[in-house]
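Take a look at the letters that make up each chain.
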Amino acid sequence: QVQLVESGGGLAQPGGSLKLSCAASGSLSSTASMGWYRQAPGKQRELVALIGSAGTTVIADSLKGRLTISRDNAKNTVYLEMNRLKPEDTAVYFCKCSTRGLQYWGQGTQVTVSS
């Protein structure tokens, strides 16, 4: 089993920044793929960004230039730094881990962008 714990969410001003963290523990492989998704009320869950074990990244087109995904393999932690936040970034952000043929999800962390 893999456990994922997100942190770093909260209230931010438009144009501000937030850095989310997802700490993974359990039986994850060193080749695990990590990612962030988000879901706003009434909307489908959507991909934000993915990062492979070697650091290869995939970022949603609408978010390119405003976010960076990174990982610290020694700490089994993945990060999502979001910049120039917009109200439409408001959502619950979920961490995902794909390892050993299974997918695991964190409980989510709320991000609210409002003035």
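Preceding this section is the structure that the text describes.
Residues numbered from 1 in each chain as written. Predicted model: local features only at pLDDT ≥ 70, side-chain atom pairs only at ≥ 80, totals over all residues. Heavy atoms only, no water.

On a plain count of helices and strands, the protein chain comes out with zero helices and eleven strands. Helices and strands in the protein chain line up, N terminus first, as β-β-β-β-β-β-β-β-β-β-β. Expected size for 115 residues packed as a compact globule is a radius of gyration near 13 Å; at 13 Å, the protein chain falls within 12% of this value. The C-alpha extent of the protein chain, read off along each of the three principal axes, is 40 × 25 × 20 Å. The buried share of the protein chain, taken over its 115 residues, is 41%. Across the protein chain, 12 positive and 7 negative side-chain charges occur, with their mean positions spaced 3 Å apart. (Helix = DSSP H or I, 4+ residues; strand = E, 2+ residues; numbered from the N terminus. Rg over C-alpha atoms; globule rule 2.2 N^0.38 Å. Buried < 20%, exposed > 50% of the residue type's maximum accessible area, 1.4 Å probe, protein only. Lys, Arg positive; Asp, Glu negative; His and termini not counted. Charge placed at Lys NZ, Arg CZ, Asp CG, Glu CD.)

Looking now at the packing of aromatic side chains. One pass over the full model with this rule turns up two aromatic pairs. The interplanar angle of 65 degrees and the centroid separation of 5.1 Å between the aromatic rings of Tyr 37 and Trp 105 together place this pair among those described as edge-to-face. A residue pair is termed long-range when its members are at least 10 positions apart, and Tyr 37 in strand E4 (residues 33-39) and Trp 105 in strand E10 (residues 102-105) qualify at 68 residues. Here Tyr 37 falls in the buried class, since its relative accessible area comes to 16%. Owing to a relative accessible area of 34%, Trp 105 belongs among the partly exposed residues under this scheme. Their ring planes at 80 degrees and their centres at 6.5 Å tell us that Phe 94 and Trp 105 sit as a pair that is edge-to-face. Remark: Trp 105 occurs in strand E10 and Phe 94 occurs in strand E9 (residues 91-99); sequence separation between them is eleven residues. The buried category is assigned to Phe 94, whose relative accessible area is 11%. A connected cluster of aromatic rings, assembled from ring pairs, spans Tyr 37, Phe 94 and Trp 105. (Phe/Tyr/Trp six-rings, centres within 6.5 Å; stacked < 30°, edge-to-face > 60°.)

When charged atoms on two side chains of opposite charge get close, those side chains can pair. As enumerated under the stated definition, the model contains four salt bridges in all. A salt bridge links Arg 38 to Asp 89, with the nearest nitrogen and oxygen atoms 3.0 Å apart. Taken together, the positions of Arg 38 in strand E4 and Asp 89 in the loop between strand E8 (77-82) and E9 put the pair 51 residues apart, joining distant regions of the chain. Put simply, Arg 66 and Asp 89 hold a salt bridge, and the shortest N to O gap is 2.8 Å. (Salt bridge = Lys/Arg side-chain N within 4 Å of Asp/Glu carboxyl O.)

One way to say it: the disulfide is the covalent bond shared by the sulfur atoms of two cysteines. Per the stated rule, a full pass over the model turns up one disulfide. Here Cys 97 stays free of any disulfide, with the sulfur of Cys 95 as its closest cysteine sulfur at 7.3 Å. (Disulfide = S-S within 2.5 Å.)

On to the sheet that holds strand E7 (residues 67-72), then. Strands belonging to one sheet form pairs held by backbone hydrogen bonds; the direction of such a pair is parallel or antiparallel. In space, the four strands of this open sheet follow the order E1-E3-E8-E7, with antiparallel pairing throughout. Strands at the two margins of the open sheet, each flanked by one partner only, are strand E1 (2-7) and E7. Across the sheet, the axes of successive neighbouring strands diverge by a mean angle of 15 degrees, strand direction being ignored. Here six bridges tie E7 to E8, and the two strands are oriented antiparallel to one another. Bridge pairing in E8 links Arg 71 to Val 78. (Pairing = 2+ DSSP bridges. Axes fitted to C-alpha atoms, helices over the stretch in contact; angles between N-to-C directions.)

Just geometry here; none of it tells us what the structure is for.
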